[in-house]
Amino acid sequence: MSSAAQQLLRSQRDVLLVWTCEHPTPLLRRLRDAGVLSHVHYLSLLECSSSNAVAQALETVCATEESSRGFLQVLKEVQDYYCDELQVWVERHCSKREEGRQKVTAVKVKENSKSLISKLFKGKRKFSVSPEVKAHKNTLLERTERLTSYAEGGRQVFNSASHIEIRYTDLFVTEDNESFDNSQHEYFTLASRRARIYAHQACQRIHPCSLLSPQGPTGCRPKRVKVKGIAGIGKSVIVQRLVYEWALGKHMREFTCIFDLRFRELNIIKDALSLLDLLGDRFRYFKTVLKDLLASPGSLLFILDGLDEFKYQLDWNTTDRDIDVDSKVSISELMMALIKGSLLPESSVILTSRPSTDAPKRFFQRCCMVLGFEEDQLKEYIIKFYKDHKVSGRVYDYILGNDNLFVLSFIPLYCYIICTALAEFFSIENQAEDESQSLEQNPPTTVSEVYYCYLFTAAKHHALKGKAERNTPRSEVLSLVRQQLINLGRLAYEKLLKSKIMFERQDMEHYGLAPEDIENTFLSQMLVPLKENTVQMFSFFHLTVQEHLAALYCAINLSKQEDIIQALDLWCFGEIPPPSTSLSPLLSHDLHLGKTRVENLQMFTRFFMGILRTRIGGQLNGLMLAPLEVDVKEEDLPTRLGLWFQAQFKERKLANQTALNLLHCLMELHMEAATSRAASEIKRLNLFKIKLRVVDCAALHYVLQFSPHKLTELNLGYSDIGNRGLNRLAPILHRCESLYLRYNRLDREAATLESAVLKSNKCQVKKLFMCGNNFGPDGVLELWKALEQNTTLEELYLDITGITERGTENMVDSLSKNTSLKTLTMVGNDIGEVGKRRLRELKCRRPELCIIGNFVDDQGLLQAYLDWVEEIRADQDQMDSVKNADALHSILKGLRVESGGERKEGCKEDNTTKALELETKILELLNCPAHLAGVR
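Residues numbered from 1 in each chain as written. Predicted model: local features only at pLDDT ≥ 70, side-chain atom pairs only at ≥ 80, totals over all residues. Heavy atoms only, no water.

Participant: Give a detailed account of the overall build of the chain, specifying residues and quantitative values.
Facilitator: Across its full length, the chain holds 41 helices and 20 strands. Among the 936 residues that make up the chain, the fraction classed as buried is 59%. For the chain, the proportion of contacts with a sequence separation of at least 24, taken over those separated by at least 6, is 76%. With an accessible surface of roughly 39,500 Å², the chain has 48% of that area assigned to carbon and sulfur atoms. (Helix = DSSP H or I, 4+ residues; strand = E, 2+ residues; numbered from the N terminus. Buried < 20%, exposed > 50% of the residue type's maximum accessible area, 1.4 Å probe, protein only. Contact = heavy atoms within 4.5 Å. Areas by Shrake-Rupley, 256 points an atom, 1.4 Å probe, with all protein chains shown as cover.)

Dropping the structure here:
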């Protein structure tokens, strides 16, 4: 064989091609892993048709004797994926008689004639996978090896299904020990979670294929694993990749079989059934061996995907019944028994769910959170999305430079939508010069514009098929899909208000939508049907697509200014208009929006404001039947909206998140007339502990730049804005009289920026709170220098900012020239003996300056830190932050130095008592077993 491998393959090329072209992936993947094919060549083959891929692979390997031998060795390894004839051929041509016995890679085989494995693997001289296992693996490969994509190629955007190995990008998965906040939109909660993790790196990154790997000091494998993440974050794609890798025999080979079940498909089951019934119906090729398969549950993995899509209620506190694989029970009881382990406890289970539909942690040995892409993974995704690397580079640079888009792009489906929308702008040259200002010719900058571009692109290339040329007027495109958009939008809106994301066939038909049309129109880019013929459930492919279409429907149907104002009262504050004054069908339903539902409408309201801007600009022509009406006062809509926003900031005591949402709404509306009126009423903003993304900072800047007066207070404490967020706010910081920037991941770069603010002759800052950042000595030296010429700052708080002895070098000279500063705190910094001497010298030069360098110098400061420690004790999120653990250690160090005999002479006894109390409470907190993970 070894001397004539090339000749053998060339002579048998046609028959080998016939045998392997139906499922080429196992062969091609092993050829790449063995080094017979290069990675680049392998990926190029995956883009070919099956027969062409195998033909090209054979042509490549036949080039040398060595690669031909490698091919034959690989063929021995993958023969069980193919027909019996190929296995006979391999036995005849590739194996010596004494080498006939092959090792089983999936499991260890027990010497038991009645064992499960003896039935699934058969053969005397080697183990040959049974027809059932072969059918299962090939079925799973066929179902999982493609990822639907909407990609750019040549001069056209088209729908395609790329191979998973070409399109898949790894995701950021980490351990999860937090409870979910149901009080706001799940995207905002996730953004907060990511901010804490990225800020403090207090996480363990987990490769998806390692979800069931041994963990902890015991090295035990978890049997029950929960993976949660918001809509569109990639949970189902992770599951798809896991199943694909197992079917290829590359990962999790300890499992004889994987059963993947999707909750949305289980929704159609109404009658009681057993696990044998369920699996026998879903995997019919296993029917004759299923009972034996379930008799060895330790080698089985159940993947249960999308608990949030399950329409049946699960009572996690109910008493477990004694059921087995033959027991007929409801589908909800059956699923709960599998998850909790009362049924087949030795089997393994991976459950995925959105955070808002969470299963109790007590049933799982590992809980994980999917956080989407990191920046490197984002770049990789964009490169894979576009065939042209020049296009991908331009798109990546555009996203990176646009805060609105960048902060959305870490969610894979957001990224998909953004890339689809941007394909129109970066893959071709602008064509019509007179349309250079139109939406089609200018890339979107706001979230609403991105989604509108996505919708328009889908309608243009799907609904109109070949008729849609690039220069087809927008109004013509929209008019052709108008009724479908209205029907779809009405479904989206009315179900959104009821927090319903899954729809049955009758729901679709009630709203004038024919399920049969989904595959042939742009609806295929909006709706996801279940893929089994008997299943009639549908959903929008992403929650935000439903929210955007709902907003579009409302923007089309609301023509009276008063109706728009009443709608905003309803969506933002839950205020239902009186029946006598409500004439719009959007407001006439019997609606009862509680606080949670109102807060979950925040993204929807932002979409609405953005689409309203699009309507005012005439870009919804083709959808509209009636123009916007002018009210009795003859005020245009931007003016009327400005008055509404002005009233909210003037008359309401707005919750932090609500105020932030209104700022985003103004940014999406993007009309100076409306924003200026609202900004005039914003005297102070308190966003303490609201985790702010860069786009939030962009919204703050956009609105506050129109304010005619200074801000008496801007509190961004514990907001995790980082240097990038602070830089986005830089143009308005000089107008903040009291500026709170405590614990915001700021470093020397931020200190440099704030120094420029203090040097500005327009600076109005009087109080500056910078505690808990990491400016270090270099950053603080710049702050001292800036204060030489500043004449406004009266109070400066620099506790725990990484000041060292070197950071005090120019402090005395610089602050001696300053005339405005009255209070300076520097506790929790290791400035050494020289630094302390310099503080004493500064006190001599400026006796009127109150300098607090020790905790016991000021009773109010001690009490503030005592209160802070109590906050941390009560707030799990704060204690999970490694940065706060560092801060506590810094405070502890400062307190111990003072207790060593260096406490200021004459300090009050109650100060000493409070200092000891603070020390005790910090020690208790750091040694609390529940928080040991946060202590270094």
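Back to the write-up after that little detour.
Participant: Account for unusual backbone geometry, with residues named and values stated.
Facilitator: For S499, which is not glycine, the phi torsion reads 55° and is therefore positive. Note that S499 resides in the loop between α23 (482-497) and β11 (503-504). Phi is positive for I800, which is not a glycine, with a value near 50°. Looking at the secondary structure, you find I800 in the loop between β18 (795-797) and α36 (811-817).

Participant: Account for the sheet that holds strand β12 (residues 527-529), naming residues and giving values.
Facilitator: The strand order β11-β13-β12 describes an open sheet built from three strands, whose pairing is antiparallel. Strand pairing shows two members of the sheet lacking a second neighbour, β11 and β12, which therefore form its edges. Pairing geometry for β12 and strand β13 (residues 537-540), over three bridges, is antiparallel. Following the sheet pairing, L527 is matched in β13 by F540. Together, β11, β12 and β13 form the strand contacts of α23, whose direction differs from that of β13 by roughly 90°. (Pairing = 2+ DSSP bridges. Axes fitted to C-alpha atoms, helices over the stretch in contact; angles between N-to-C directions.)

Participant: Can you tell me about the confidence of the model for the chain, naming the residues and giving the values?
Facilitator: Counting all residues, the mean pLDDT for the chain is 81, and 82% of those residues have values of 70 or more. Per-residue pLDDT stays below 50 along residues 429-440; that stretch engages in 18 contacts with residues further than four places along the chain or on separate chains. Throughout residues 929-936 the model reports pLDDT below 50, and contacts reaching past four residues in sequence, or to other chains, amount to 13 contacts. (pLDDT = per-residue confidence, 0-100.)

Participant: I'd like a rundown of the sheet that holds strand β15 (residues 713-715), residues and numbers included.
Facilitator: Read from one edge of the open sheet, seven strands run β14-β15-β16-β17-β18-β19-β20, paired in parallel fashion. The open sheet is flanked by β14 (684-686) and β20 (850-852), the only strands paired with a single partner. Pairs of neighbouring strands in the sheet enclose a mean axial angle of 5°, with direction left out of account. In terms of strand pairing, strand β17 (residues 767-769) meets β18 through three bridges, oriented parallel. Opposite F769, over in β18, you have Y797 as the bridge partner.

Participant: Pulling in residues and values, what's your account of the pairing of β13?
Facilitator: The alternating pattern of β13 places M537 and S539 and F538 and F540 on opposite faces, both of which are buried. As defined by bridge partners, β11 adjoins β13 across two bridges and the pair is classed as antiparallel. Opposite E504, over in β13, you have M537 as the bridge partner.

Participant: An account of the environment of Y42 is requested, with residue identities and associated values reported.
Facilitator: As for its position among the elements, Y42 is in helix α4 (residues 39-46). For Y42, the residues in contact, after removing those within four places along its chain, are L28, R29, R32, E165 and Y244.

Participant: Lay out the packing of aromatic side chains in plain terms, naming residues and giving numbers.
Facilitator: Following the criterion strictly, the structure yields 28 aromatic pairs and no others. For the ring pair F385 and Y386, a centre distance of 4.8 Å and an interplane angle of 65° mean the geometry is edge-to-face. With a relative accessible area of 2%, Y386 lands in the buried category. When the centroid spacing of 5.0 Å and the interplanar angle of 80° are considered together, the rings of W644 and F645 count as edge-to-face. Exposure remark for W644: the relative accessible area of 4% places this residue in the buried category. Among the aromatic residues, those joined into a ring-pair cluster are F373, Y381, F385, Y386, Y416 and Y454. Directly above the aromatic system of W246 lies the positively charged group of K137, at a separation of 5.3 Å from the ring centroid. A cation sits over an aromatic face here: R724 above F406, 4.4 Å from the ring centre. (Phe/Tyr/Trp six-rings, centres within 6.5 Å; stacked < 30°, edge-to-face > 60°. Lys NZ or Arg CZ within 6 Å of the ring centre and 35° of its normal.)

Participant: Mind laying out the nonpolar core, listing which residues take part and the relevant values?
Facilitator: F71, Y493, W571, F608 and W784 are the most contacted members of the largest nonpolar core, which totals 228 residues. In this structure, W571 is in contact with Y493, C554, L558, V598, L601, F604, T605 and F608, ignoring residues within four places of it in sequence. Judged by nonpolar contacts, the second largest core, of 43 residues, contains L278, V325, F363 and C367. (Core = buried A, V, L, I, M, F, W, Y, C linked by side-chain atoms within 4.5 Å.)

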